[in-house]
Amino acid sequence: MADEVILLDFWPSPFGLRARIAMAEKGVKYEYRDENLREKSPLLLKSNPVHKKIPVLIHNGKPVCESLIIVQYIDEVWNDKPLLPKDPYERAKARFWADFVDKKMYDCGTRIWKNKGEAQEQAKKEFIDCLKLLEGELAEKSYFGGDTLGYVDVALIPFACWFYSYETEGKFSIEEECPKTMAWVKRCMEKESVSKTLPEPQKVYEVVCFLKKMYGTE
Ligand code: GS8
């Protein structure tokens, strides 16, 4: 019997995009269900009762939550074109940097568009520092995964469609501050699994403007 794969997601979510890119890389067929996060479906609430967040991957009726765990699960189940390295130390390093994206970079990026003035300047500075640290890890490689797209690439590249929002709100240029990051983004965008999956940055910015209105931080 064919696998039944359902992804509960919300289209601009960098977390959901990780699962979509990982499945595109591996050619996994799945049903995409866009959630209304202000009126979550009973299936989402039942599948992720702890966090009640997207993305959730439902594989043959069994839910898997948390995007980085979902990507690892996808990598283990559809194990051709591996995303995580084989070597235990390299695997640990890849997990470390993906965790850094979540714990540090994501938060700095969000603070850029949620704040103004001094707090925004601070967030911008920290965000650039994060990208520079990531550039150090990328070093002279084409991708974080080496010659092919890997786990850290999948964890980080979804944020590329949010860069325009960070730059517009923070009034700065990532290309100017971190040219190596932008060269890496362009390389990733040459892959269909990435370019066909990421939404338009302008569309993401419309969501950011909507959220700013909602939070009263215009
Ligand atoms: C984050 C998912 C998340 O924040 C992961 O999967 O990696 N650590 C998790 N999901 C958000 C939408 S994207 O910003 C979400 O579902 N929010 C709904 C809510 O908080 O009610």
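Every value quoted in this text rests on a predicted model; they were computed, and no experiment measured them.

Draft legend 1. Just the pattern of salt bridges, in detail. Within the structure shown, the criterion is met by 18 salt bridges. Here D99 and K103 are joined by a salt bridge, their closest N and O atoms 2.7 Å apart. Of this pair, D99 and K103 both sit in helix α4 (residues 88-114), 4 residues apart, which is roughly one turn of that helix. Assessed through its relative accessible area of 30%, D99 is described here as partly exposed. Three or more residues are tied together by salt bridges with common partners; here these are K104, D107, R111 and E126.

Draft legend 2. Seen up close, the site of the ligand. Taken together, S13, F15, L37, K40, K53, I54, P55, E66, S67 and Y106 make up the full set of residues near the ligand. A distance of 2.6 Å is found between an oxygen atom of the ligand and a side-chain nitrogen or oxygen belonging to S67. Within the complex, the protein chains bury 74% of what would otherwise be the 530 Å² of accessible surface of the ligand. Residue composition of the shell around the ligand, by class: 5 nonpolar, 2 polar and 3 charged.

Draft legend 3. View of the environment of A155. When you line up the elements, A155 lands in helix α6 (residues 151-156). Linking A155 and A94, residues 61 residues apart in sequence, is a C-alpha distance of 9.8 Å. For A155, the contacting residues outside a window of four places in its chain are R18, L68, A98 and V101.

Draft legend 4. Structural view of the nonpolar core. Counting residues in each nonpolar core, the largest one holds 63 residues, and the members touching the most others are M105, F127, L134, I157, F163, Y166 and W184. Ranked by the residues each element gives to this core, the list is headed by α4, at 9 residues. If you count residues domain by domain, this core takes at least three from each of domain 1 (5-77) and domain 2 (88-215). For L134, the residues in contact, after removing those within four places along its chain, are W97, F100, V101, M105, F144 and L156.

Draft legend 5. The pairing of strand β2 (residues 31-34), seen in detail. By the bridge criterion, 4 bridges tie strand β1 (residues 5-9) to β2 in an arrangement that is parallel. Within the sheet, the bridge partner assigned to L8 lies in β2 and is R33. Note on the crossover from β1 through helix α1 (residues 14-26) to β2: the handedness is right-handed.

Draft legend 6. Up close: the side chain of K26. By secondary structure assignment, the location of K26 is in helix α1. Aside from chain neighbours lying at most four places away, what touches K26 is I74, D75, W78, N79, D80, K81, P82 and L83.

Draft legend 7. Main features of the domain arrangement of the protein. Domain annotation of the protein identifies domain 1 (5-77) and domain 2 (88-215). Here the C-alpha centroids of domain 1 and domain 2 sit 21 Å apart. Each side of the interface is counted separately: domain 1 has 15 residues, and domain 2 has 25 residues. When the buried area of domain 1 at its contact with domain 2 is split by residue, W11, R18 and I21 rank highest and sum to 31% of it. Of the charged contacts in the structure, one is a salt bridge between D102 and R18, with a shortest N-O distance of 2.6 Å. The tally of links between domain 1 and domain 2 comes to 7 residue pairs in polar contact (both at pLDDT 80 or more). Elements represented by at least two residues in the side of domain 1 that touches domain 2 include exactly α1 and α3 (67-77). Among the elements that take part in the side of domain 1 that touches domain 2, α1 stands out by supplying 9 residues, more than any other.

About the thresholds
- Residues numbered from 1 in each chain as written.
- Predicted model: local features only at pLDDT ≥ 70, side-chain atom pairs only at ≥ 80, totals over all residues.
- Heavy atoms only, no water.
- Salt bridge = Lys/Arg side-chain N within 4 Å of Asp/Glu carboxyl O.
- Helix = DSSP H or I, 4+ residues; strand = E, 2+ residues; numbered from the N terminus.
- Buried < 20%, exposed > 50% of the residue type's maximum accessible area, 1.4 Å probe, protein only.
- Near = heavy atom within 4 Å.
- Polar contact = N/O pair within 3.5 Å; in protein donor to acceptor, adjacent residues only side chain to side chain.
- Areas by Shrake-Rupley, 256 points an atom, 1.4 Å probe, with all protein chains shown as cover.
- Nonpolar A, V, L, I, M, F, W, Y, C, P; charged D, E, K, R; others polar.
- Contact = heavy atoms within 4.5 Å.
- Core = buried A, V, L, I, M, F, W, Y, C linked by side-chain atoms within 4.5 Å.
- Domains from an automatic or database assignment.
- Pairing = 2+ DSSP bridges.
- Right-handed = clockwise from strand over helix to strand, strands pointing away.
- Buried area = accessible area lost by both parts, 1.4 Å probe.

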